[in-house]
2 protein chains.
Amino acid sequence: MNRITVSSPSNIALIKYWGMRDEQLTLPNNISLSMTLSQCVSLCTLAPLHSGTPDEILWRTREGTLVPANASLRFGIEYHLGQLRQHFDHWQPLRIATSNSFPTGAGIASSASGFSALAMAFALQCDQDCDAARISELARLSGSGSATRSAFGGFVQWPGDARQLAGPAQPFAPAQHWPLCDLIAVVDARHKKVSSRQGHHLAASSPFYRTRLDLLPDRLNTVRQAILNRDFTALANAVECEAVEMHMIAMTSQPPVFYWQPTTLALLERVRQLRGEGLQVCTTMDAGPNVHVICTAQHRSQVFAALRSLPGVVRWIFDQAGDGPRRLEHHLF
Amino acid sequence: MNRITVSSPSNIALIKYWGMRDEQLTLPNNISLSMTLSQCVSLCTLAPLHSGTPDEILWRTREGTLVPANASLRFGIEYHLGQLRQHFDHWQPLRIATSNSFPTGAGIASSASGFSALAMAFALQCDQDCDAARISELARLSGSGSATRSAFGGFVQWPGDARQLAGPAQPFAPAQHWPLCDLIAVVDARHKKVSSRQGHHLAASSPFYRTRLDLLPDRLNTVRQAILNRDFTALANAVECEAVEMHMIAMTSQPPVFYWQPTTLALLERVRQLRGEGLQVCTTMDAGPNVHVICTAQHRSQVFAALRSLPGVVRWIFDQAGDGPRRLEHHLF
């Protein structure tokens, strides 16, 4: 059996992608910037099936059992697969299995890692050129904009060229440049009530959205410079502003969307205190209640010691800046 | 002894006053609108002292003991007194005692009730015309803009005339028109870290402030109409938007100001649920973590039954729409 397996990382946005110019084509309204993670990865194994048979879409549980994918996962994969097939004009039925290294349904976005893994595995299956920029463009066909950034390691901007919204993401510093840590505080493991997609759709209904878009070019510049100079203070201020602002846009959308929960706020407050005490640490949140606590490797133990007893955190996941997707020689089936 | 005592209510803003055009003169950047409360009141007793003696500024404790006012209260009263004396050219030394019907330091703004009481008592002391519009203008001399609204009962707008920022507040519906309830959830009884005054000062540093000011005329109209029509759904939507937006301006100020606490968010969420279940209830917050749960008299018991067990609420205060300040014949000394 000609199996292909890819491992691809998730990422955490330091400048958020929020709101789309074109929902059909998944074109963003603004440039986003993320740090690729190393521990939160998705695996995807593909193998061709005989023509005429239906696709088989499987999910590997944490216990290692292959089970049929649930409706939501199946829908996402079938949609992406349809787009990839059209793109490559390659229609052979497939057996597909995916799994996540991180707890499923923990509120950690798995679309970035999952769809970038599927994009790369599919391209390899078609014997196509598989450079990262290509994977990035193919990943966007899933409808998940953040998946474009997972095609690269380190610090990544999407779109890489502001004039080409449909273009690929672009890395601008490798993980080794500044191996920041990400302590992920899982506050609520339930499925969020308002999907990122719905949130994107509502973004422009916030009367403050236009101002946000106007502010972002300067902020992008600030965050890029902070990363290039390894200036944690500058990074922390910009990244915290950015996350609060994205959530403000959500909270002032019509209807409003509230992703924050009480523990989210408690973590934000405690981390601000710790930074006031001199630790290199800041927070950011995607479209959900979980908090990514970003800190330098040097201060990681102190930060965790101060946060671990905070009530309301269901689980901690320890991650850090990492590399892009890669092909593996061990398979899910 | 020629004592004069006034009881004056606090109020809860449904459209917030946030940011000043002139900090010296306490001129607002926008029209605010509030509901005067009936249970949260301040008392102020004045009596003249012999010329040449210093003012005596007292505080009546919950236990009924008169003690010297603490530094912060003394400063506020002395400042206002200085302004009133200049205004009336009336310089006789005074004995002043004040007290609050609501727990002091519970995070319930006492400046609105306290300074409107002092303004009225001082004017009476000077044998001056004491209509409510006059009290409203005199109350503003304290530096507390919200005190201008406490000069009237019911639903009150300040400034009453948009073209006269230095003009008085104006009532537009009496409390009896729509006797809404306000269940005040005290979340944190500590003194807030960033005063309202500092918050006002920072407001314009939010890049979103200009947009907020542009939105307010329409919102004012919506809230006024909702009150005139007793349309709770329209009121709830506008009032919740408004409060979130004011806090959003604070959270995006430079430096950011976070008044919300975990329990604040828990209350917001729970009340949205209750409204979804059909109860006439909504939330608003001033510059602090406490939540005012506004509801119709009809649904008050059900609302409280659903909220009373929420952890993190230090104390509940039950209030409702009420009348303006009045002279009392029993005195604090």
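Draft legend 1. Representation of unusual backbone geometry. Here the amide bond leading from tryptophan 158 of chain A into proline 159 of chain A is cis, since omega sits at -10°, within 30 degrees of zero. Looking at where proline 159 of chain A falls in the secondary structure, it is placed in the loop between strand 8 (155-158) and strand 9 (170-173). The linkage connecting glutamine 254 of chain B with the following residue, proline 255 of chain B, adopts the cis geometry, with an omega of 0°. With respect to the secondary-structure elements, proline 255 of chain B resides in the loop between helix 6 (232-251) and helix 7 (262-276).

Draft legend 2. Looking closely at the confidence of the model for chain A. Looking at chain A, pLDDT values average 95 and 99% of them are 70 or higher. Model confidence for the complex: the whole-complex pTM is 0.91, and ipTM, which rates the interface, is 0.87.

Draft legend 3. Region of the structure containing the interface of chain A and chain B. Listed per partner, the contact involves 19 residues of chain A and 19 residues of chain B. Around 1900 Å² of area is buried between chain A and chain B when both sides are counted, 81% of it from carbon and sulfur atoms. For the chain A face of the interface with chain B, the top three residues by lost area are Phe208, Phe258 and Leu265 of chain A, together amounting to 31%. Taken together, the connections running from chain A to chain B amount to zero salt bridges. Our count for the chain A to chain B interface comes out at one residue pair in polar contact (both at pLDDT 80 or more).

Draft legend 4. Structural detail: the domain arrangement of chain A. Residues and elements named next belong to chain A. For chain A, the domain assignment lists domain 1 (4-175) and domain 2 (177-320). One C-alpha centre belongs to domain 1, the other to domain 2, and the line joining them spans 23 Å. The interface of domain 1 with domain 2 comprises 35 residues on the first partner and 46 residues on the second. Where domain 1 abuts domain 2, roughly 3400 Å² becomes buried across the two surfaces, and 65% of that area is made up of carbon and sulfur atoms. Of all residues in domain 1, Leu14, Lys16 and Trp18 bury the most surface against domain 2, accounting for 25% of the area lost on that side. Taken together, domain 1 and domain 2 are joined by one salt bridge. For lysine 16, the salt bridge goes to aspartate 286, with nearest N and O atoms at 3.1 Å. Inspection of the region where domain 1 meets domain 2 yields 19 residue pairs in polar contact (both at pLDDT 80 or more).

Reading the values: rules and limits
- Each chain carries its own residue numbering, running from 1 in the direction its sequence is written.
- For naming, the first written chain is A and the first written ligand is 1, with later ones following in the order written.
- Per-residue local features are limited, in this predicted model, to residues with pLDDT of at least 70; the limit for side-chain atom pairs, both in listing and counting, is 80 or more; totals at the level of whole chains, interfaces and linings are taken over all residues.
- Excluding hydrogens and water, the side-chain values take into account all heavy atoms of the structure.
- Helical segments are the DSSP runs of H or I of at least four residues, strand segments are the runs of E of at least two, and each set is numbered from the N terminus.
- Summary of the metric used: pLDDT quantifies the predictor's per-residue confidence within the range 0 to 100.
- Here a residue-residue contact requires only that any non-hydrogen atoms of the pair lie within 4.5 Å.
- A simple way to read buried area is as the amount of 1.4 Å-probe accessible surface that goes missing from two parts once joined, with both sides added.
- For this analysis, a salt bridge means a side-chain nitrogen from Lys or Arg found within 4 Å of a carboxyl oxygen belonging to Asp or Glu.
- Whenever two N or O atoms come within 3.5 Å, that pair is a polar contact, provided that in protein one can donate a hydrogen and the other can accept it, and provided that, for residues adjacent in sequence, both atoms are side-chain atoms.
- Start and end positions for the domains come from either an automated domain assignment or a database one.

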